[in-house]
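# Chains, contacts and geometry: an overview
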Amino acid sequence: NVLSTVCSLQQTSCSATTTVLFPVTKQRFTFLFPSSSDLYTILDAAKVADTLLFIYKADEDLSSFSELVLDTCSAQGLSSTCHVLKGLSEIPIKKRADIKRRLQENVNRRFPKAKLRCVDSSQDIVNVLRFV
């Protein structure tokens, strides 16, 4: 499962890379996971990346450090970003729309043309990788 691989590597405290072969589109993706506690490492990785994949958890609010990373990445003038929301299916139905709306507003403040995509199934992940 691509999402579980990406999210498990995202939790590491040191830099990591992984390459995923995607047979549906006959593409290869290399994911780079900079240390999540070092802003300069994250910015250096953002400079060399073709596309940045921002993964948000539906059950957590953005921390002040996450806000800082988003602000500095948007100020850096990134070429391509993809924003995905993970775990929305685990949230009660009545709260889903509000959580997605708040996060979409937060993303739009920094990346005006960005669309927040939900990734809770394998098909959602395939759609995101096609976009990337």
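Residues numbered from 1 in each chain as written. Predicted model: local features only at pLDDT ≥ 70, side-chain atom pairs only at ≥ 80, totals over all residues. Heavy atoms only, no water.

### Describing the overall build of the protein chain
Which entries qualify depends on this criterion: Here a strand is any run of E in DSSP of at least two residues, a helix any run of H or I of at least four, and the numbering for each starts at the N terminus. Each residue is assigned to one of three classes by its accessible area relative to the maximum for its type, calculated with a 1.4 Å probe on protein chains only: buried under 20%, partly exposed between the two thresholds, exposed over 50%. All accessible-area figures derive from a Shrake-Rupley calculation using a 1.4 Å probe, and residue coverage is judged against the displayed protein chains alone.
When its secondary structure is counted, the protein chain shows five helices and five strands. Reading the protein chain from its N terminus to its C terminus gives the helix and strand order α-β-β-α-β-α-β-α-β-α. A buried classification covers 35% of the 132 residues belonging to the protein chain. Of the roughly 8,200 Å² that the protein chain leaves accessible, carbon and sulfur atoms contribute 52%.

### Regarding helix H3 (residues 64–75)
To be explicit about the condition: Expected span of a helix, by definition, is 1.5 Å for each gap between consecutive residues, and there is one gap fewer than residues. Working definition: the arc comes from the directions between the helix axis and the C-beta atoms, pointing outward to the latter. Residue contacts are counted whenever heavy atoms from the two residues lie within 4.5 Å of one another.
In a regular helix each residue adds 1.5 Å, so twelve residues correspond to 16 Å; H3 covers 16 Å between its end C-alpha atoms and thus fits that length. All of the buried residues in H3 are Val-69, Leu-70 and Cys-73. Burial along H3 is one-sided: seen end-on, the buried residues are contained in an arc of 95°. Of the exposed residues in H3, those oriented more than 90 degrees away from the buried face are Ser-64 and Ala-75. Looking at the buried side of H3, the elements it contacts are helix H2 (39–48), strand E3 (52–57) and helix H4 (93–110). With its phi angle positive at about 80°, Gly-77 sits one or two positions after the end of H3.

### Comments concerning the pattern of salt bridges
Convention followed: A carboxyl oxygen of Asp or Glu within 4 Å of a side-chain nitrogen of Lys or Arg is what we treat as a salt bridge.
This model, assessed by the stated rule, comprises seven salt bridges. The network of salt bridges with common partners includes Asp-61, Asp-98, Arg-101, Arg-102 and Glu-105.

### Here we look at the sheet that holds strand E4 (residues 81–86)
Note the following rule: Paired strands, in this sense, are two strands between which DSSP finds at least two bridges. In this description, a line fitted to the C-alpha atoms serves as the axis of each element, helices being fitted only across the stretch in contact, and the angle between N-to-C directions of two axes falls anywhere from 0 to 180 degrees.
Strands sit in the order E3-E4-E5 across an open sheet of three strands; the sheet is parallel. Strands at the two margins of the open sheet, each flanked by one partner only, are E3 and strand E5 (116–118). Sheet twist, expressed as the average angle between the axes of neighbouring strands with direction ignored, equals 30°. The pairing of E4 with E5 spans three bridges and is parallel. Residue pairing in the sheet places Val-84 in a bridge with Arg-117 of E5.

### Side note on the pairing of E3
To be explicit about the condition: Crossover handedness is defined by viewing with both strands directed away from the observer: a clockwise path from the first strand over the helix to the second marks the crossover as right-handed.
Pairing geometry for E3 and E4, over six bridges, is parallel. In the sheet register, Leu-53 faces E4, and the bridge partner there is Cys-82. Taking the sense of rotation as the criterion, the β-α-β connection linking E3, H3 and E4 turns out right-handed.

### Section: the nonpolar core
What counts is decided by this rule: Put simply, buried Ala, Val, Leu, Ile, Met, Phe, Trp, Tyr and Cys residues joined by side-chain atoms within 4.5 Å make one nonpolar core.
Counting residues in hydrophobic clusters, the biggest one holds 20 residues, and the most contacted among them are Phe-54, Tyr-56, Cys-73, Leu-85 and Phe-111. Contributions of two or more residues to this core are made by H2, E3, H3 and H4. Sorting elements by how many residues they give to this core places H2 first, with four residues. In terms of nonpolar packing, the next biggest core, distinct from the first, is built from 13 residues, Phe-31, Ile-55, Cys-82 and Val-126 among them.

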